[in-house]
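Single-letter residue listing:
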Amino acid sequence: MFRSNEPTGVRVNTRTGPGGVQFAGPEWWIPALYLVVALLVQSEILHYFTLRGAQLSIVLVIVVWYGLRTDLLRAAIFGLIAGACEDALGTQTGASWMIATTCTALFASALSRWFFADSIPVTAGVVFAATLLQRLIFWIAMSVWLGYPPGYARVHFHQALWEALLNAIFVIVASVVARRFEDRRLDERRAR
């Protein structure tokens, strides 16, 4: 799930990568395919599985994953597209998801300048923070479009904390599974 164009077995900071490499992120069709699958799963299946009112947001995880591995412009475009798709599938949100997801993608991409994007604990921490940021911006945008319902701030914050925890756990599990398969593939290539 978390592969990129980097040479097999070598992990490179996408900001400082090997000399002369302008873009070391994944090819465009990989995150696009992940986004389509995530949108389908999130809109059709995941709303049946909630924990204290929160549900896993695979779309946000994919946006953060892509933002951590690309530059600001590509991250913003991807976040804009993902947010627009979420707004199209949602009801009465105006452009709130588009604004919030774009800002979250920019946040993730800007943070990736200071650490390796393939560090599992750091990525989980960024996903946790990005989830809270996305929810904050979403509810600010919703208050501009439709008016914020007074008295629900604590409920929405509680839900955002649970969603951030679910997203961070998902990233940890997905990263460990992806690395396990990557290590197997490397071992098979070395055995040949």
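Up top you'll find the structure we're talking about.
(A) Quick peek at the packing of helix H2 (residues 58-69) against helix H4 (residues 96-111). Interaxial distance between H2 and H4 falls to 7 Å at its minimum, and their mutual angle equals 40°. One element, H2, and the other, H4, form an angle in the oblique class. In terms of crossing hand, the pair formed by H2 and H4 is right-handed. The segment H2 lies against H4, with Leu 60, Val 63, Val 64, Gly 67 and Leu 68 engaging Thr 101, Thr 104, Ala 105, Ala 108 and Ser 109. Partitioned by chemical class, the residues of the contact of H2 with H4 number six nonpolar, four polar and no charged.

(B) Local environment of the nonpolar core. Formed by 16 residues in total, the largest nonpolar core has its most connected members in Leu 35, Ile 58, Val 59, Ile 62, Val 63 and Phe 78. At the level of elements, helix H1 (29-44), H2 and helix H3 (72-89) are the ones that each hand at least two residues to this core. No other element matches the six residues that H2 contributes to this core. The residues contacting Phe 78, other than those within four sequence positions of it, are Pro 31, Ala 32, Leu 35, Ile 62, Val 63 and Tyr 66.

So, how was this worked out
- Residues numbered from 1 in each chain as written.
- Predicted model: local features only at pLDDT ≥ 70, side-chain atom pairs only at ≥ 80, totals over all residues.
- Heavy atoms only, no water.
- Axes fitted to C-alpha atoms, helices over the stretch in contact; angles between N-to-C directions.
- Helix = DSSP H or I, 4+ residues; strand = E, 2+ residues; numbered from the N terminus.
- Parallel < 35°, antiparallel > 145°, perpendicular 65-115°, else oblique.
- Left-handed = near helix turned anticlockwise from the far one by under 90°.
- Contact = heavy atoms within 4.5 Å.
- Nonpolar A, V, L, I, M, F, W, Y, C, P; charged D, E, K, R; others polar.
- Core = buried A, V, L, I, M, F, W, Y, C linked by side-chain atoms within 4.5 Å.
- Buried < 20%, exposed > 50% of the residue type's maximum accessible area, 1.4 Å probe, protein only.

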